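# Reading the structure
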Amino acid sequence: MFEFQQYLGFILFLTILTIGFWLMFFLVGFVQYWVGGAIMELLKERREKRLAEEEK
């Protein structure tokens, strides 16, 4: 049926696939958080700039 090296290759493949999945899952969450924070900061800066111009 299967030899021991084929079994090890399959286990290695599953390990790499699993690591890749969790890395992608982490990076998608991190990038989403990063972009969301950047947008919030941009909106704050625009609001502060608009308020400063209205006070003049």
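No experiment lies behind these values; they were computed from the predicted model shown. (Residues numbered from 1 in each chain as written. Predicted model: local features only at pLDDT ≥ 70, side-chain atom pairs only at ≥ 80, totals over all residues. Heavy atoms only, no water.)

## A short note on the overall build of the chain
Here is the rule: Only DSSP runs of H or I reaching four residues or more are called helices, and only runs of E reaching two or more are called strands; each is numbered from the N terminus. Radius of gyration means the value over C-alpha atoms here, while the globule rule gives 2.2 Å times the residue count to the 0.38 power. Only protein chains enter the accessibility calculation, which uses a 1.4 Å probe; a residue is then buried when its area is under 20% of its type maximum, exposed when over 50%, and partly exposed in between. Areas reported as accessible are Shrake-Rupley estimates using a 1.4 Å probe. Residue values count occlusion only from the protein chains shown. Positive residues here are Lys and Arg, negative ones are Asp and Glu, while His and the chain termini are left out of the count. Every charge is mapped onto a representative atom, which is NZ of Lys, CZ of Arg, CG of Asp or CD of Glu.
Of regular secondary structure, the chain possesses one helix and zero strands. Taken over C-alpha atoms, the radius of gyration comes to 24 Å for the chain, far larger than the 10 Å a tight globule of 56 residues would show. Across its three principal directions, the C-alpha atoms of the chain cover 80 × 10 × 5 Å. Looking at the chain as a whole, 0% of its 56 residues qualify as buried. Looking at the chain as shown, the accessible area adds up to about 5900 Å², and 70% of this sits on carbon and sulfur atoms. Taken together, the 6 basic and 7 acidic charged side chains of the chain have centroids lying 8 Å from each other.

## Structural notes on the packing of aromatic side chains
Stated precisely, the cut-off is as follows: Within 6.5 Å between ring centres, the rings of Phe, Tyr and Trp (the latter by its six-membered ring) count as paired, and their orientation is classed by plane angle as stacked under 30 degrees, edge-to-face over 60, tilted in between.
According to the stated counting rule, one finds five aromatic pairs in the structure shown. Geometrically, the ring pair formed by F21 and W22 is edge-to-face, given 5.1 Å between the ring centres and 75 degrees between the ring planes. By relative accessible area, F21 is classed as partly exposed at 42%. Consider the rings of W22 and F25, whose centres lie 5.5 Å apart with planes at 85 degrees: the pair is edge-to-face. Highlighted residues: W22 and F25, both in helix α1 (residues 4-55), separated by three residues, approximately one helical turn. Here W22 and F25 have matching classes, each one exposed.

## Considering the UniProt feature "transmembrane region" (unreviewed entry) in the chain
The condition that has to hold: UniProt positions are given in the numbering used here, feature names are shortened, and annotations may be inferred rather than shown by experiment.
The UniProt record marks residues 7-35 with the feature "transmembrane region" (unreviewed entry), using the residue numbering of this structure. Taken as a whole, residues 7-35 contains 100% helix and 0% strand, while its terminal C-alpha atoms sit 42 Å from one another.

## Overview of the environment of A38
Within the fold, A38 resides in helix α1. On the basis of relative accessible area, A38 is assigned to the partly exposed category, the value being 45%. With 24 residues separating them in the primary sequence, A38 and L14 have C-alpha atoms 36 Å apart.

## Quick word on a nonpolar patch on the surface
Going by this rule: The residues that make up patches have over 30% relative accessible area and no salt bridge, and they are joined within 9 Å when like-charged or within 5 Å when they are Val, Leu, Ile, Met, Phe, Trp or Tyr. Between Lys or Arg on one side and Asp or Glu on the other, a salt bridge is scored when a side-chain nitrogen of the former is within 4 Å of a carboxyl oxygen of the latter.
On the surface, L23, F26, L27, F30, V31, Y33, W34, V35, I39 and L43 cluster together into a nonpolar patch covering about 1100 Å² of accessible area. One can find I39 in helix α1. Since its relative accessible area comes to 45%, I39 is described here as partly exposed.

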